Amino acid sequence: MSNLMHGKTALILGVANKWSLAYAIGQAFAREGANLVITYQGERQKLTVEELAAELSPTARAIQCDVTKPDELASLVEALQPGPLDAVVHSIAFANREDLSRPFSETSRDGFVLALEVSAYSLVAVAKAMAPLMTGGGSVITLSYLGAVRVIPNYNVMGVAKAALEANVRYMAATLGPEGTRVNGISAGPIKTLAAAGIAGFSTMLKNFANAAPLRRNVTADEVGNVAAFLMSDWASAMTGEILYVDNGYSQVAAGMDDGGEKPKE
Ligand code: NAP
C-alpha cells in the first residue's frame, strides 16, 4: 500500500458482484487508504453488496441508489452529509439485451433513450448531485469503452451512449473545473463481467483483443482499479477532461496490422 488516497472519502456506484469493475476499483481504493461508500441499484442486490462492502473494508457503507430515481440520489446526498466527498466513481451502464445483438439500425426509440439515460445522462445527474459535497477539490471518474469512437460488432446503442458519456466528461470537466473538481474517464479493454456478458459474441471479442493488443493479453479488473486510484490521487492533480485507455494498447493498432494479419504485397 502506498496510501495514495489516505484520508479521502470515495463514493463508488456500480458494484453488482465481485467481478464488477467497480469492486476492483473499491479494492484498489481500500488498499490506498480511502474511506468507502458503495451503492447498489435495488433491494435485490442489497445483501450481496452489503457483504462486498464488508469485505472491502470494515468501515465501508452500502447504500441503495438507482441513478434514474432523483429521490434516491437525494437520499444518497443526505446520507453523505456533511462531507467532504473526495472521489466519485460512476461505473454504470445498461442497454436492452436485444439492442446488443440485432442490427444497430433496428434500435428502438425506447431502447435508445433507456441506454442513454442510464449509461450517459446519469453521470451528469450524479456529478451535479455530489458537487456541493466535493468542497476540497474532488475527482470524478467514469468507465467507457472503445465502442465510443469505433464501430464494435454488437456494441451498438451502447457505443452511442459511451460517445455521449465521453463528451459528458469533457463538458463536466469544464463546468466543475473552476470549483477544483476534476472529471476523467477510463476506456477499459474488454473484461468478463455481468454487463459484458450481455454483449453477443463477447468471448470472441476477448480472444481477438488478446491476439491483436500490443501486450498480447487481456486487461484485468485490478489494472483498471490501479489507474482509477491514480486518477483519484493527487498525482493526477493536473488531469481533467481526459479519457485514459487501459487496454494493453489495443486502440493504437490498426485492424489487420498485428503479426497474424495479412502482409502487404511486394
Ligand atoms: P457490472 O458489474 O454489470 O456493472 C454494471 C453496473 O451498473 C451494475 O452494478 C448495475 O447494477 C449498474 N446499474 C445498471 N443500471 C443502474 C441504475 N439504473 N442505477 C444504478 N446502477 C445501475 O459490469 P462492469 O463491466 O463492471 O460495468 C461497469 C462499467 O464499466 C460500465 O459502464 C461498463 O460499460 C464499463 N466497461 C466495462 C467493460 C467490460 O468489458 N466489462 C469495458 C469497458 C467499460 P445491477 O447489476 O445491480 O443492475
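Keep in mind that what you see is a predicted model, and the values were worked out from it rather than measured.

As enumerated under the stated definition, the model contains 6 salt bridges in all. Measuring nitrogen to oxygen at the nearest pair gives 4.0 Å for the salt bridge that ties Lys69 to Asp66. Arg102 is the partner of Asp99 in a salt bridge, and the nearest nitrogen-oxygen pair spans 2.8 Å. Under the relative-accessibility criterion, Asp99 is labelled buried at 1%. For Arg102, a relative accessible area of 27% translates into the label partly exposed.

In this section: the environment of Ala229. Topologically, Ala229 is positioned in helix α8 (residues 221-232). Overall, Ala229 belongs to the buried group, its relative accessible area being 1%. Separated by 115 residues in the primary sequence, Ala229 and Leu114 have C-alpha atoms spaced 30 Å apart. If we ignore the near neighbours within four places in the chain, the residues touching Ala229 are Leu4, Met5, Ala28, Phe29 and Glu32.

A few words on the nonpolar core. If you look at the biggest cluster of nonpolar residues, it comprises 47 residues, and the most contacted ones within it are Leu11, Leu76, Val88 and Met130. Those elements giving two or more residues to this core turn out to be β1 (9-13), α3 (70-80), α4 (109-130), α5 (156-176) and α7 (202-212). Top contributing element to this core by residue count: α4, with 10 residues. For Met130, the residues in contact, after removing those within four places along its chain, are Leu11, Leu73, Leu76, Val77, Leu80, Leu85 and Val88. In terms of nonpolar packing, the next biggest core, distinct from the first, is built from 39 residues, Phe29, Ala60, Ala188 and Met232 among them.

Take unusual backbone geometry next. A cis amide bond, omega 0°, links Gln81 with the succeeding residue Pro82. With respect to the secondary-structure elements, Pro82 resides in the loop between α3 and β4 (87-90). In this structure, the amide linkage connecting Gly83 to the following residue, Pro84, adopts the cis form with an omega of -5°. Mapping Pro84 onto the fold places it in the loop between α3 and β4. Its identity as a non-glycine residue notwithstanding, Asn154 has a phi of 70°, on the positive side. Within the element layout of this structure, Asn154 appears in the loop between β5 (139-144) and α5.

Among the 28 residues in the neighbourhood of the ligand, the closest are listed as Ser20, Gln41, Lys162, Ile191 and Thr193. A distance of 3.0 Å separates an oxygen atom of the ligand from a polar atom in the backbone of Gly14. In the model, an oxygen atom of the ligand is placed 2.7 Å from a nitrogen or oxygen of the Ile191 main chain. Relative to its unbound accessible surface of 880 Å², the ligand loses 91% to contact with the protein. Within the residue set of the shell around the ligand, elements represented by two or more residues are β5 and α6 (194-197).

Parameters and conventions
Residues numbered from 1 in each chain as written. Predicted model: local features only at pLDDT ≥ 70, side-chain atom pairs only at ≥ 80, totals over all residues. Heavy atoms only, no water. Salt bridge = Lys/Arg side-chain N within 4 Å of Asp/Glu carboxyl O. Buried < 20%, exposed > 50% of the residue type's maximum accessible area, 1.4 Å probe, protein only. Helix = DSSP H or I, 4+ residues; strand = E, 2+ residues; numbered from the N terminus. Contact = heavy atoms within 4.5 Å. Core = buried A, V, L, I, M, F, W, Y, C linked by side-chain atoms within 4.5 Å. Near = heavy atom within 4 Å. Polar contact = N/O pair within 3.5 Å; in protein donor to acceptor, adjacent residues only side chain to side chain. Areas by Shrake-Rupley, 256 points an atom, 1.4 Å probe, with all protein chains shown as cover.

Any link to function would need more than the numbers given here.
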